[in-house]
Amino acid sequence: MELLPRGPGEFGSARYWDRFFRQRGQRPFEWYGAFPELCPVLHKYVRPRDKVLVVGCGNSELSEQMYDVGMCEDIVNIDISDAVIRQMQERSGSKRPKMSYLLMDVLQMDFPDAHFQVVLDKGTLDAVLTDEEEVTLAKVDKMFAEISRVLQVGGRYFCVSLAQAHVLKKAVEYFSQEGWVVRVHQVAGSGDKQQFVLPVFVYVMTKFRKIPGSAPQILEICPEEQDKPMRVESAERLVAAVKDRQHYALLCSQLSKTPCGEQVSLDLCDKESGRPRYTLHVIDSPSVKPSRDNHFAIFIIPQGRETEWLFGTEEGRRQLAPSAGFGRLVTVALHREQHYEGMAGIQAELSGKVMELAPPGLPAQQQVPFLSVGGDIGARTVRHRDTSPLSGEYVVEDVKGDGACYFRRLIFLRNRNVVQSEARLLAPMPLPGQKKRRKDKKKPSPAEPPAAIDKSYLCCEHHKAMVAGLCLLGGPDPLPALLAVLVVGLGGGSLPLFVHDYFSQARVAVVEIDPSMLEVATRWFGFSQGDRMRVHVSDGLDYVAKLAAEVSALPPAAPAQYDAIMFDVDSKDFTVGMSCPPPAFVEKSFLQKVKTILKPEGVFVLNLVCRDARLKESVLATLREVFPLLYVRRIEGEVNEILFCQPSPEGRRDPAELGARARALEGALRQPGRPWDSSYVLADMLQAVKIL
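Computed from a predicted structure; not experimentally measured.

Topic: the confidence of the model for the chain
Consideration 1: Mean pLDDT for the chain: 84, with 89% of residues reaching 70 or above.
Consideration 2: Long-range and interchain partners of residues 190-195, a stretch whose pLDDT sits below 50, account for 7 contacts in this model, where long-range means more than four residues apart.
Consideration 3: In this model, residues 436-450 is a region of pLDDT below 50 whose contacts with residues beyond four sequence positions or in other chains number 13 contacts.

So, in structure tokens, the structure goes:
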């Protein structure tokens, strides 16, 4: 039996609907959900004494059920189909004496002005507004004008709709410009899941007298999980908010039917502020053999650890999921701007929402486990938050790592999943005679003095590799008596601090473009300047160019300035597939300036983070043109590659010689009474070095 129209235009045709209802017979057709789904919204606004008009009533049971439960009785139903009006008159008959059915077109109604307190439209606007042609829009304007005419001031127009963007935008713009209050409700559990994947919405538009001039629009959305409406500033934002919920419904529908081939990511936002509260990733593991208890699990990433490779990268999560032993794993990252009431609070908050992401075949009433590292949600304390004109908004935070270790991190919020700088914190030592507290219940406050920084520990693997690269310096002595080092890019200062503290004769010059970073490094990361450590607040490009010009002006026999030059500079331009360094730092003309200020037996160390394969090949080719000897050390589990560049090919060393020099250098750096991280073995850092 063919019930669908040949084209969208037939939805506005009385002939089509006569044929439709004759063929369908007495079975009610509940377009966009039945009374149980719509009842909670209607109960908020419809009063028993209201006079209600239902436009385009069809043979829905909605009016009858509203009448039967006592929600209201004075209900007038209209429709353009003579067949359905006669059918409904016969069905209701004398059972509902105060309710009537009339053959009437919503575009031209016979009722007097201000006759109703409520107009209810269930799918009629969607049926009329099938496109954005001029003729269609004129029909809709006429429909809205008629509804406005028959509705009293203070009355409400309820429009039940799938909220296609053009339909919602038209309704919101028309009535908000007339001075009406517009509120959009998402209907919980709406509709037949087989028939409608998209959620159903109810636009509640309350009529007010139009105020001359530019009165502020009142536009609100009320999601299904909360009663309190959220104010939005424009029709565009309201349409976008509805679109987000439609996309989420589509996603849930897809995930409930088939395994996801690619990882799916989404944010769940705080109800009050609208800011992201949880970031979820859905990962399916086809390799996990399904059983009753391993279909589905939720993994809570401890606070502060969302940047780690295992949790913060697609490849890491792909390894985490099968190791957890579940067919579908949802990882949950917690946001620093939010407060959480422990694992139990998170579980209570997320249980309903994550079940919408359950895999196909999940047994009914299945208990879904919440997992984490060590069974807790970690700890994060934001110590400092500010905005830099150059680096944007940033935070300094203390986070708990594995075991009892705490770390201090600098995060640029424009790239919140990347740790810009990191340092390990020293546990406070009790004073002589002071007993160690069993448990300090007082939460740390950002106003407290910062904990001491462990300057002996390099948190970043790429910093460890950069320091190990100093083994490439020429000369028989692994630890030169005098060492001039230029570091471009300060961050938290851990790299120049380590070189300064462990190479006791080194003179370190640091170039940092952002004065805010110097303040952060000094206040929060234990950085300090002195006779052997100076910071120059300048653009690294300009500083190197100035030095190169000075060296070029000297006599040919005059020595270049630096034994080692280290670049650890992030790019502010996200449109380029290289986040470190900025492209200008690896242009041939600039690299030649770097070579000019580097001693012939020196080493230029570059931290390269480039996801664009073609761009990386181009950078490597340019480096080879300027520096005849080029080594590379790839950092496992990260995108970083450390490049060691030397001006002369005569300095080439085989792996055995590199290992021997690394061991000798480490022996010189390990002095009695000086702390050394036992996990940091220079020779290990150079084992994987390759000559390009």
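Looking at the sheet that holds strand 9 (residues 230-232)
Note: strands within a sheet are paired through backbone hydrogen bonds, in either parallel or antiparallel orientation.
Consideration 1: With mixed pairing, 9 strands are arranged side by side in an open sheet as 3-2-1-4-5-7-6-8-9. Each end of this open sheet is capped by a strand with a single partner; those strands are strand 3 (100-103) and strand 9. In this sheet, adjacent strand axes meet at a mean angle of 20° when their direction is disregarded.
Consideration 2: Note that strand 6 (residues 181-186) and strand 7 (residues 201-206) share 6 bridges and pair antiparallel. In the sheet register, Val184 faces strand 7, and the bridge partner there is Tyr203.
Consideration 3: Along the sheet face, helix 7 (residues 165-177) touches strand 5 (151-161), strand 6, strand 7 and strand 8 (219-222) and points at about 10° away from the line of strand 7.

Focus on the pairing of strand 15 (residues 380-388)
Consideration 1: Both strand 15 and strand 16 (residues 392-400) contribute to a ladder of 8 bridges, which runs antiparallel. Bridge pairing links His384 to Val396 in strand 16.
Consideration 2: As consecutive antiparallel partners, strand 15 and strand 16 are separated by 3 residues.

Comments concerning the packing of helix 6 (residues 134-150) against helix 7
Describing two packed helices takes the angle between their axes plus the distance from one axis to the other.
Consideration 1: In contact at an axis separation of 11 Å, helix 6 and helix 7 are set at 50° when each is read in the N-to-C sense. It follows from the interaxial angle that helix 6 and helix 7 lie oblique. The element helix 6 and its partner helix 7 pack so that their crossing is right-handed. Of the residues in helix 7, those in contact with Leu137, Val140, Asp141, Phe144 and Ala145 of helix 6 are Lys170, Ala171, Tyr174 and Phe175.
Consideration 2: Counted by class, the contact of helix 6 with helix 7 contains 7 nonpolar, no polar and 2 charged residues.

Brief notes about the nonpolar core
Consideration 1: Residues Phe503, Phe644, Tyr680 and Leu682 are the most contacted members of the largest nonpolar core, which totals 47 residues.
Consideration 2: It is helix 13 (residues 494-502) that provides the largest number of residues to this core, a total of 5 residues.
Consideration 3: Membership of the second largest hydrophobic core comes to 43 residues, among which are Phe111, Ala163, Val184 and Val239.

A word on the packing of aromatic side chains
Consideration 1: Under the definition given, this model contains 19 aromatic pairs.
Consideration 2: Aromatic pair Phe407 and Tyr457: ring centres 6.4 Å apart, planes at 45°, arrangement tilted. One end of the pair, Phe407, is in strand 17 (residues 406-412); the other, Tyr457, is in the loop between strand 18 (419-424) and helix 12 (461-468), and 50 residues separate them in sequence. The residues Phe407 and Tyr457 share a single accessibility class, namely buried.
Consideration 3: Ring geometry for Phe604 and Phe627: centres 5.5 Å apart, planes at 35°, overall tilted. With Phe604 in strand 24 (residues 598-610) and Phe627 in the loop between helix 17 (613-626) and strand 25 (629-634), this pair connects stretches of sequence that are 23 residues apart.
Consideration 4: Among the residues examined, Phe604 registers a relative accessible area of 0% and is labelled buried.
Consideration 5: One Lys or Arg, Arg424, reaches over the ring of Tyr457 and ends 3.9 Å from the middle of that ring.

Considering the sheet that holds strand 11 (residues 276-284)
Consideration 1: As summarised here, the arrangement of the 5 strands in space is 10-11-13-12-14, forming an open sheet in which the pairing is mixed. The two strands at the open ends of the sheet, each matched to only one other strand, are strand 10 (264-269) and strand 14 (370-372). Across the sheet, the mean angle separating the axes of adjacent strands is 25° when strand polarity is ignored.
Consideration 2: Direction of pairing for strand 12 (residues 296-300) relative to strand 14: parallel, over a ladder of 3 bridges. Residue Ile298 lies in a different strand from strand 14, and its bridge partner there is Phe370.
Consideration 3: Sheet strands in contact with helix 8 (residues 235-257) are strand 10, strand 11 and strand 13 (328-334), and its direction is about 135° off that of strand 10.

So, the side chain of His166
Consideration 1: For His166, the position within the fold is in helix 7.
Consideration 2: Residue class for His166 comes out buried when judged on its relative accessible area of 17%.
Consideration 3: Beyond its immediate chain neighbours, meaning those up to four positions away, His166 contacts Leu129, Thr130, Asp131 and Glu132.

What to know about the environment of Glu638
Consideration 1: Its location among the elements puts Glu638 in the loop between strand 25 and strand 26 (641-646).
Consideration 2: A relative accessible area of 38% places Glu638 in the partly exposed class.
Consideration 3: Expressed as a C-alpha distance, the spacing of Glu638 and Thr313, which sit 325 residues apart in the sequence, is 9.2 Å.

Points about the side chain of Asp398
Consideration 1: As for its placement among the helices and strands, Asp398 is situated in strand 16.
Consideration 2: In this structure the side chain of Asp398 is engaged in a polar contact, spanning 2.8 Å, whose partner is the side chain of Arg383.
Consideration 3: A distance of 2.7 Å separates a polar atom in the side chain of Asp398 from a polar atom in the side chain of Arg408.
Consideration 4: Not counting chain neighbours up to four residues away, the residues in contact with Asp398 comprise Ala379, Arg380, Thr381, Arg383, Phe407, Arg408 and Leu425.

A few points about the pairing of strand 2 (residues 75-79)
Consideration 1: By the criterion of burial, strand 2 is predominantly enclosed, with 5 of the 5 residues buried.
Consideration 2: Covered by surrounding structure in strand 2 are Ile75, Asn77 and Asp79 together with Val76 and Ile78, the residues of both alternating faces.
Consideration 3: Relative to strand 2, strand 1 (residues 52-55) runs parallel, the two being bridged by 4 bridges. Within the sheet, the bridge partner assigned to Val54 lies in strand 2 and is Asn77.
Consideration 4: In this fold, the crossover linking strand 1 to strand 2 by way of helix 3 (residues 62-68) has right-handed handedness.
Consideration 5: Here 4 bridges tie strand 2 to strand 3, and the two strands are oriented parallel to one another. Residue Asp79 lies in a different strand from strand 3, and its bridge partner there is Leu103.

Calculation notes
Residues numbered from 1 in each chain as written. Predicted model: local features only at pLDDT ≥ 70, side-chain atom pairs only at ≥ 80, totals over all residues. Heavy atoms only, no water. pLDDT = per-residue confidence, 0-100. Contact = heavy atoms within 4.5 Å. Pairing = 2+ DSSP bridges. Helix = DSSP H or I, 4+ residues; strand = E, 2+ residues; numbered from the N terminus. Axes fitted to C-alpha atoms, helices over the stretch in contact; angles between N-to-C directions. Parallel < 35°, antiparallel > 145°, perpendicular 65-115°, else oblique. Left-handed = near helix turned anticlockwise from the far one by under 90°. Nonpolar A, V, L, I, M, F, W, Y, C, P; charged D, E, K, R; others polar. Core = buried A, V, L, I, M, F, W, Y, C linked by side-chain atoms within 4.5 Å. Buried < 20%, exposed > 50% of the residue type's maximum accessible area, 1.4 Å probe, protein only. Phe/Tyr/Trp six-rings, centres within 6.5 Å; stacked < 30°, edge-to-face > 60°. Lys NZ or Arg CZ within 6 Å of the ring centre and 35° of its normal. Polar contact = N/O pair within 3.5 Å; in protein donor to acceptor, adjacent residues only side chain to side chain. Right-handed = clockwise from strand over helix to strand, strands pointing away.

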